[in-house]
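Single-letter residue listing:
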Amino acid sequence: MGKLTFIEHNNTKHVVELEAGDTLMQIAVNNAVPGIDGDCGGECACGTCHMIVAEEWFDETGAMADAEEQMLSMTPERAKTSRLGCQVKAKEAMDGMTVHLPEFQM
């Protein structure tokens, strides 16, 4: 198993076990990472799992569907490498990935 690092807006780091096959949102929620709510349960319907993937890892997150693009378009803190954690499946190749969390979720 690998590791993922979630970094809160205040720079607090949370290093957690990477669970291949789970979404980044599931991993964050399962490890009580503050700032990731996942209110819709992973249905890409709320935007409360907004994450900003470190640029060097962004290609590992896969393609973005239209529904995710639409949801992120409403996020004021959207960045070039923003993703909804519920739409990104973790895989072993993500070992060492760093994900930043915005100050506010939608």
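What you are looking at is a predicted structure, and each value in this text was computed from that prediction instead of being measured.

### Here we look at the sheet that holds strand β1 (residues 3–7)
Hydrogen bonding along the main chain pairs the strands of a sheet, whether they run parallel or antiparallel.
Link 1 in the chain: One open sheet holds the five strands; their spatial order is β2-β1-β5-β3-β4, and the pairing between them is mixed. Edge positions in the sheet fall to β2 (13–17) and β4 (82–84), since each of these pairs with one other strand and no more. Taken over all neighbouring pairs, the strand axes of this sheet differ in orientation by 35 degrees on average, direction set aside.

### Structural notes on the nonpolar core
Link 1 in the chain: In this structure, L4, F6, L24, M51, M94 and M97 are the most contacted members of the largest nonpolar core, which totals 26 residues.
Link 2 in the chain: Elements that contribute at least two residues to this core include exactly β1, α1 (24–30), β3 (50–53), α2 (66–72) and β5 (97–100).
Link 3 in the chain: Considering every element that reaches this core, the biggest residue donor is α1, with four residues.
Link 4 in the chain: With near-sequence residues (within four places) excluded, L24 lies in contact with L4, F6, M51, G85, V88, A90, M94 and M97.

About the criteria used
- Residues numbered from 1 in each chain as written.
- Predicted model: local features only at pLDDT ≥ 70, side-chain atom pairs only at ≥ 80, totals over all residues.
- Heavy atoms only, no water.
- Pairing = 2+ DSSP bridges.
- Helix = DSSP H or I, 4+ residues; strand = E, 2+ residues; numbered from the N terminus.
- Axes fitted to C-alpha atoms, helices over the stretch in contact; angles between N-to-C directions.
- Core = buried A, V, L, I, M, F, W, Y, C linked by side-chain atoms within 4.5 Å.
- Buried < 20%, exposed > 50% of the residue type's maximum accessible area, 1.4 Å probe, protein only.
- Contact = heavy atoms within 4.5 Å.

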